[in-house]
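The primary structure of each chain is shown beneath.
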Amino acid sequence: MAIILSTALLGCIYVHPLTRILYLDHYYYTYAPKLKSISSLSLKPPRNSVRAASIMSYDKELATAKKACSLAARLCQKVQRALLQSDVQSKSDKSPVTVADYGSQAVVSFILEKELPSRSFSLVAEEDSGDLRKEESQETLQRITKLVNETLASDGTENVSLLSDEDVLTAIDSGKSEGGSFGQHWVLDPIDGTKGFLRGDQYAIALGLLDEGKVVLGVLACPNLPLQTSAGHVQHNVQDKVGCLFFAQVGTGTYMQSLDGSQPTKVDVSSTENAEDASFFESFEAAHSLHDLTSMIAKKLSIKAPPVRIDSQAKYGALSRGDGTIYMRFPHRGYREKIWDHAAGCIVVTEAGGVVSDAAGNPLDFSRGRYLDLDTGIIVTNQKLMPTLLKAVQESLKEKASSL
Ligand SMILES: Nc1ncnc2c1ncn2[C@@H]1O[C@H](COP(=O)(O)OS(=O)(=O)O)[C@@H](OP(=O)(O)O)[C@H]1O
Ligand SMILES: [Mg+2]
Ligand SMILES: [Mg+2]
Ligand SMILES: [Mg+2]
């Protein structure tokens, strides 16, 4: 607990020591969200409005996924605004989990199951109710149930009878599916970037749908991500409006709208072909990705801009709209990537024209259960730059291995 709280505290006073450009990016992604959005600011007019697409095959699933993630985001925002010490617990692997992680998972699970009735509802999700069923967690569970009920009621479109504590536990435990290569499976990270959430920084509610092992739709709700794109490193006003909802369906492109419901606009990845002009994203937490390796690769590519470190799959969302050109992720040895940390982000980027692969150049395989079985790391960029990036990654990995 002490570690969690001190991490959260340190995060709050953190000022990036690198260049002014990075500081601006860091400021933009980190501090702007903490300030109240100014509702009188109008949004940029949409670049392309979306035509009602009645021919899409996952339309109903997508609409329900967007609704579920938006409501879960509402719950998370409420908790983040008044984060109480008692809301944070440590899981058995020492990673943090909050009432918002559980509440978000219960809301999404409940809405998907209720609105898309199916005999074979399957959800692969990060959290389970094990710790919440313990005697000492009774108060926490009651608080989660209250949050879930308030969130469902705030939707206002239908009469939902109040959920009991047991209903909430059941909804959370619907997420125990093993996934796999047959049939349909929802894949949920109820809060991706819990550490970012605790710091008041970036986090995402990430929901994907697998059909026969392939991701066919994805939704990323990023409550603290500024709506205005940051391409070109322009200075951003503290009054920037935050709260983005990215969504993609296979074969139909990626769109973004504000979490409070603006007209969606089509987004595309950066078209930068020259690595020197690229900027790159990586994990905020050094424990999640080898920053020294990415800096070696960036040097090899003559990338001038310093890394932009933000938490969660908000990186995939930001990349899908061209805020940066490259995302690199190299976990420490032995870490196994989970499918919920990448499924939604992956389709959001690929439908925007990007490529997501492992360090050997293979596409990510979501059909093998709860884990991704991949070679070394994950790299993401546009189609033109991928061969150059892949070459630099493989050379750097070789050099690193031979220097050990
Ligand atoms: N050791 C290690 N290595 C690699 N990845 C790890 C590790 N530990 C955790 N995680 C997972 O990282 C998820 C957070 O995503 P990011 O790494 O993009 O966020 S961050 O920028 O570092 O905050 C985070 O997701 P959440 O648990 O949903 O927050 C984890 O699944
Ligand atoms: Mg995660
Ligand atoms: Mg999570
Ligand atoms: Mg977690």
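Residues numbered from 1 in each chain as written. Chains lettered and ligands numbered in written order. Predicted model: local features only at pLDDT ≥ 70, side-chain atom pairs only at ≥ 80, totals over all residues. Heavy atoms only, no water.

Rules: UniProt positions are given in the numbering used here, feature names are shortened, and annotations may be inferred rather than shown by experiment.
By the naming in an unreviewed UniProt entry, the protein chain is 3'(2'),5'-bisphosphate nucleotidase, taken from Cinchona calisaya. Listed under Sequence similarities (unreviewed entry) in UniProt, the entry text for the protein chain is "Belongs to the inositol monophosphatase superfamily."

Observations concerning unusual backbone geometry
To keep things clear, this is the line we draw: In this description a helix means any DSSP run of H or I spanning at least four residues, a strand means any run of E spanning at least two, and both kinds are numbered starting from the N terminus.
Located in the positive-phi region is Glu212, a residue other than glycine, with phi close to 50°. Locating Glu212 in the fold gives a position in the loop between β5 (204-211) and β6 (214-226).

Concerning the pattern of salt bridges
Rule in force here: When a carboxyl oxygen of Asp or Glu lies within 4 Å of a side-chain nitrogen of Lys or Arg, that pair is called a salt bridge. The rule is simple: take the accessible area with a 1.4 Å probe, protein chains only, and divide by the maximum for that residue type; under 20% is buried, over 50% is exposed, in between is partly exposed.
Counting across every chain of the model gives 26 salt bridges. For the salt bridge of Lys176 with Asp173, the shortest nitrogen-to-oxygen distance reads 3.9 Å. Overall, the relative accessible area of 16% leaves Asp173 in the buried class. Across the salt bridge formed by Asp277 and Lys304, the nearest N and O atoms sit 3.7 Å from each other.

Topic: the packing of helix α4 (residues 99-115) against helix α6 (residues 165-173)
The following threshold applies: Fitted lines through C-alpha atoms serve as axes, helices being fitted only where they are in contact, and the angles separating the N-to-C directions of these axes extend from 0 to 180 degrees. Each angle gets one of four labels, with under 35 degrees taken as roughly parallel, over 145 as roughly antiparallel, 65 to 115 as roughly perpendicular, and the rest as oblique. Whether two residues touch is decided by their heavy atoms; if any such pair falls within 4.5 Å, the residues are in contact.
Relative to each other, α4 and α6 sit at 80°, their axes nearing to 8 Å. In terms of axis orientation, α4 runs roughly perpendicular to α6. Where α4 approaches α6, its residues Tyr102, Gln105, Ala106, Ser109 and Phe110 are matched on the opposing element by Val168, Ala171 and Ile172.

Examining the pairing of strand β7 (residues 242-249)
Two faces belong to every sheet, and in a regular strand the side chains alternate between them. The condition is simple: Any two strands are treated as partners once DSSP identifies two or more bridges connecting them.
Counting buried positions along β7 gives eight out of eight residues, so the element sits mostly inside the fold. In β7, alternate side chains face the same way, and those of Val242, Cys244, Phe246 and Ala248 on one face and Gly243, Leu245, Phe247 and Gln249 on the other are all buried. As defined by bridge partners, β6 adjoins β7 across seven bridges and the pair is classed as antiparallel. Residue pairing for β7: Val219 is matched across the bridge by Phe247. One ladder, built from five bridges, connects β7 with strand β8 (residues 254-258); its direction is antiparallel. From the neighbouring strand, Phe246 faces β8, where its bridge partner is Met256. Hairpin connection of β7 to β8: four residues between the antiparallel strands, including Gly251 at a positive phi of 85°.

Side note on helix α8 (residues 291-300)
The condition that has to hold: This arc describes the spread of directions from the helix axis toward the C-beta atoms.
Within the sequence span of α8, burial applies to His291, Leu293, Thr294, Ile297 and Ala298. Each buried residue of α8 sits inside an arc of 160° when the element is viewed along its axis, so together they form one side. Those residues of α8 that are buried are in contact with β10 (280-282), β11 (308-309), β12 (326-329) and α11 (386-403). Positive backbone phi, at 55°, marks Ser302, one or two positions downstream of α8.

Considering the site of ligand 1
We count it as follows: It suffices for a single heavy atom of a residue to lie within 4 Å of a molecule or strand for the residue to be listed as near it. Using a 1.4 Å probe, accessible areas were evaluated by the Shrake-Rupley method; residue-level cover was limited to the displayed protein chains. Of the two site types, the cavity is a set of points on a 1 Å grid over the protein atoms alone where a 1.4 Å probe fits but cannot get out, and the pocket is an open set with protein on both sides within 12 Å along at least five of seven lines, each lined by residues with an atom within 4 Å of a point. To be counted as sitting in a cavity or pocket, a molecule needs more than half of its atoms within 2 Å of that site's grid points. A domain assignment, automatic or from a database, supplies the domain bounds used here.
If you check the shell around ligand 1, you find 20 residues, and the closest are Phe284, His288, Asp311, Lys315 and Asp341. Protein chains shield 86% of the accessible area of ligand 1, which is 630 Å² for the free molecule. One can see that ligand 1 is located within the largest pocket. At the level of secondary structure, the elements contributing two or more residues to the shell around ligand 1 comprise β4 (184-192) and β12. At three residues, β4 tops the list of elements feeding residues into the shell around ligand 1. Shared between two domains, the shell around ligand 1 takes at least three residues from each, and those domains are domain 2 (59-267) and domain 3 (275-402).

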